[in-house]
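Structure at a glance
This is what each chain is made of:
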Amino acid sequence: AIDARVTEAALDNIAGAVVLDATSPGWGAAHAGTNLVVLSNLLHLISAAEARTLITEAAGALAPGGTFVIYGPFKRGGKLTSDGDSAFHASLVGQDPEAGYKDDFDTLDMLSDAGFEIAHVVEMPANNLAIVATRA
């Protein structure tokens, strides 16, 4: 679907979709010089260690000044914000004890540790956040 939209828009400054395992070490170097990485609805499906790897690799992929956007559900200050979030988080942890909602502050710390500067944290519909960070 991404490739179809890029083709339809006839833009020459957007690369096509790339299939990769975002939790696998090494992908950042293979995509070095990228201006934008967008991650949507993945952090809650992976472990904290995989999230840290993903964030570190995104830093390696981005050119200086590049932007990293993370979108999805998060705990807020260690707390889930709705009954629906509590139920979904419990179901994720029930399937994989390493998965589940990440804390917003822990995620911000991971971004900082990877060399990102936080530009914006935006409240989104359905209790989601968009965290926008730039590579220093």
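Everything here concerns the structure above.
Our subject in this report is the structure included herewith. (Residues numbered from 1 in each chain as written. Predicted model: local features only at pLDDT ≥ 70, side-chain atom pairs only at ≥ 80, totals over all residues. Heavy atoms only, no water.)

**What to know about the pattern of salt bridges**
A side chain of one charge can pair with a side chain of the opposite charge if their charged atoms are brought near each other. Inspection of every chain in the model, using the stated rule, returns two salt bridges. Note that R52 is salt-bridged to D113, the shortest N-O span being 3.6 Å. With R52 in helix 3 (residues 48-61) and D113 in helix 5 (residues 104-113), the pair connects residues that are 61 residues apart, well separated along the chain. Exposure remark for R52: the relative accessible area of 42% places this residue in the partly exposed category. By relative accessible area, which is 62% here, D113 ends up exposed. In this structure, E123 engages R76 in a salt bridge whose closest nitrogen and oxygen atoms are separated by 3.0 Å. Here the residue E123 occupies a position in strand 4 (residues 116-123), and R76 occupies one in the loop between strand 2 (62-75) and helix 4 (83-95), the gap between them amounting to 47 residues. (Salt bridge = Lys/Arg side-chain N within 4 Å of Asp/Glu carboxyl O. Helix = DSSP H or I, 4+ residues; strand = E, 2+ residues; numbered from the N terminus. Buried < 20%, exposed > 50% of the residue type's maximum accessible area, 1.4 Å probe, protein only.)

**Things to note about the nonpolar core**
Residues L43, L54, I55, F68, I70, L111 and F116 are the most contacted members of the largest nonpolar core, which totals 23 residues. Of all the secondary structure elements, the ones that give two or more residues to this core are strand 1 (34-40), helix 3, strand 2, helix 5 and strand 5 (128-135). Top contributing element to this core by residue count: helix 3, with six residues. Beyond its immediate stretch of four places on either side in the chain, L54 contacts A22, W27, L39, L42, I46 and F68. (Core = buried A, V, L, I, M, F, W, Y, C linked by side-chain atoms within 4.5 Å. Contact = heavy atoms within 4.5 Å.)

**Comments concerning the side chain of E57**
Its location among the elements puts E57 in helix 3. For E57, which is buried and forms no salt bridge, the nearest opposite charge comes from R135, at a distance of 11 Å. In this view, E57 contacts S24, P25, G26, W27, G28 and A29; residues no more than four positions away in its chain are not counted. (Lys, Arg positive; Asp, Glu negative; His and termini not counted.)

**What about the pairing of strand 5?**
Burial within strand 5 is extensive, with six of its eight residues counted as buried. Relative to strand 5, strand 2 runs antiparallel, the two being bridged by seven bridges. The residue of strand 5 that forms the bridge with F68 is A133. (Pairing = 2+ DSSP bridges.)

**Section: unusual backbone geometry**
The phi torsion at N41 lies on the positive side, around 55°, for a residue other than glycine. As for its placement among the helices and strands, N41 is situated in the loop between strand 1 and helix 3. Although it is not a glycine, A126 adopts a positive phi angle of roughly 60°. Topologically, A126 is positioned in the loop between strand 4 and strand 5. A126 sits in the exposed class, given a relative accessible area of 61%.

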